[in-house]
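Here's the letter readout for the chains.
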Amino acid sequence: MSEHHDHAPPPDVDGPLTYHQKLAQALEILLVEKGVFSANEMRTAIEELDARDPADGAKLVARAWMDGDFKALLLSDTKSAAAEFGIDTGDVNIVVMENTPAIHNLIVCTLCSCYPRTLIGLPPDWYKSQNYRRRAVREPRAVIAEFGTVIPDDVEVRVHDSTADLRYMVLPMRPDGSDGMDEEALAALVTRDCLVGVTNPTVP
């Protein structure tokens, strides 16, 4: 697992700003004052990122389940695969890890909250919590089980530590009972938690 991060952990929910967060705010103010970008441009960029939704990642998964060539592209070049749906993943590299009958993948950011926002949207509070960041590495099966997902003992659990330069998303296995479902229906089975690896898709 990589341990490189460019920024400090976020504070606890509703807690005070950390030194690095105050520094980031001061830098934003300075860049606006220097004319590098306007406050409106900054606001628009943040709003566009905040508007991202897990449905984007779900669309990629559904297409991969139905199209082997697209699946190969998604696993080898996520940026290009996303571009086929008109999704811009930005400058941060995103790697998709495939779940198989022998391997289950779990995503974490041990030092902060690095997350593939361009494909999944905003991270949930539990993903940013110190409890999850610490325990996901030490006892991933127990953490996943708390989400109601039991990983068999003969399945290897691999934990991937996201960084400022590299983010991960999970390609879950297509669930049993989904034969005959179209791409839109398949995408509806894929939740944010599936894309992080704490749950698996299920057919209602």
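Residues numbered from 1 in each chain as written. Predicted model: local features only at pLDDT ≥ 70, side-chain atom pairs only at ≥ 80, totals over all residues. Heavy atoms only, no water.

Caption draft 1: Representation of the nonpolar core in the model. Ranked by internal contacts, the top residues of the largest apolar core, which has 44 residues, are Leu119 and Tyr132. Counting residues per element, this core draws most heavily on helix α3 (residues 54-66), at six residues. (Core = buried A, V, L, I, M, F, W, Y, C linked by side-chain atoms within 4.5 Å. Buried < 20%, exposed > 50% of the residue type's maximum accessible area, 1.4 Å probe, protein only. Helix = DSSP H or I, 4+ residues; strand = E, 2+ residues; numbered from the N terminus.)

Caption draft 2: Structural detail: the environment of glycine 177. Tracing the backbone through its elements, the reader meets glycine 177 in the loop between β4 (166-171) and α10 (183-187). Distance in space between the C-alpha atoms of glycine 177 and proline 204 is 9.2 Å, their sequence separation being 27 residues.

Caption draft 3: Spatial organisation of the packing of aromatic side chains. Evaluation of the coordinates by the stated rule reveals six aromatic pairs. On the basis of an interplanar angle of 70° and a centroid distance of 6.2 Å, the ring pair of tryptophan 126 and tyrosine 127 is categorised as edge-to-face. Here tyrosine 127 falls in the buried class, since its relative accessible area comes to 0%. Three or more aromatic residues joined by ring pairs make a cluster, and in this case those are Tyr115, Trp126, Tyr127, Tyr132 and Phe147. Over the ring of phenylalanine 70 we find arginine 63; its NZ or CZ atom is 5.7 Å from the centre of that ring. (Phe/Tyr/Trp six-rings, centres within 6.5 Å; stacked < 30°, edge-to-face > 60°. Lys NZ or Arg CZ within 6 Å of the ring centre and 35° of its normal.)

Caption draft 4: Main features of the pattern of salt bridges. Within the structure shown, the criterion is met by eight salt bridges. A salt bridge links arginine 135 to glutamate 139; the nearest nitrogen and oxygen atoms lie 2.5 Å apart. In this structure, the salt-bridge partner of arginine 158 is glutamate 156, at a minimum N-O distance of 3.1 Å. Take arginine 158: its relative accessible area is 35%, and that puts it in the partly exposed class. Judged by relative accessible area, glutamate 156 falls into the partly exposed class, the value being 40%. (Salt bridge = Lys/Arg side-chain N within 4 Å of Asp/Glu carboxyl O.)

Caption draft 5: Region of interest: the pairing of β4. The element β4 is largely enclosed, with a buried count of five among its six residues. Where strand β1 (residues 93-98) lies against β4, six bridges are found, and the strand directions are parallel. When the bridges of β4 are listed, asparagine 93 appears paired with leucine 166. (Pairing = 2+ DSSP bridges.)

Caption draft 6: Representation of the state of the cysteines within the structure. Tallying each qualifying case throughout the model produces zero disulfides. Summary of cysteine pairing: cysteine 114 is not part of a disulfide, and the nearest cysteine sulfur, belonging to cysteine 112, is at 3.5 Å. (Disulfide = S-S within 2.5 Å.)

Caption draft 7: Quick look at the packing of α3 against helix α4 (residues 68-76). Following both chains from N to C, one finds α3 and α4 inclined at 130°, their axes separated by 6 Å at the closest point. Considered as vectors, α3 and α4 are oriented oblique to each other. For the pair α3 and α4, the crossing hand works out as left-handed. The segment α3 lies against α4, with Leu60, Arg63, Ala64 and Met66 engaging Gly68, Phe70, Lys71 and Leu74. Grouping the constituent residues of the contact of α3 with α4 by class yields five nonpolar, one polar and two charged. (Axes fitted to C-alpha atoms, helices over the stretch in contact; angles between N-to-C directions. Parallel < 35°, antiparallel > 145°, perpendicular 65-115°, else oblique. Left-handed = near helix turned anticlockwise from the far one by under 90°. Contact = heavy atoms within 4.5 Å. Nonpolar A, V, L, I, M, F, W, Y, C, P; charged D, E, K, R; others polar.)

Caption draft 8: Geometry of the side chain of asparagine 105. Looking at the element boundaries, asparagine 105 is found in strand β2 (residues 103-108). The exposure class assigned to asparagine 105 is buried, which follows from its relative accessible area of 2%. Within the structure, the side chain of asparagine 105 is placed 2.7 Å from the side chain of histidine 160, a separation counted as a polar contact. Leave out the neighbours within four places in its chain, and asparagine 105 touches Met97, Glu98, Asn99, Arg158, His160, Val170, Val196 and Gly197. (Polar contact = N/O pair within 3.5 Å; in protein donor to acceptor, adjacent residues only side chain to side chain.)

Caption draft 9: Geometry of the environment of threonine 202. Locating threonine 202 in the fold gives a position in the segment after α11 (192-196). On the basis of relative accessibility, which here comes to 56%, the residue threonine 202 falls in the exposed class. Along the sequence, threonine 202 and leucine 189 sit 13 residues apart, while their C-alpha atoms lie 6.5 Å from each other.

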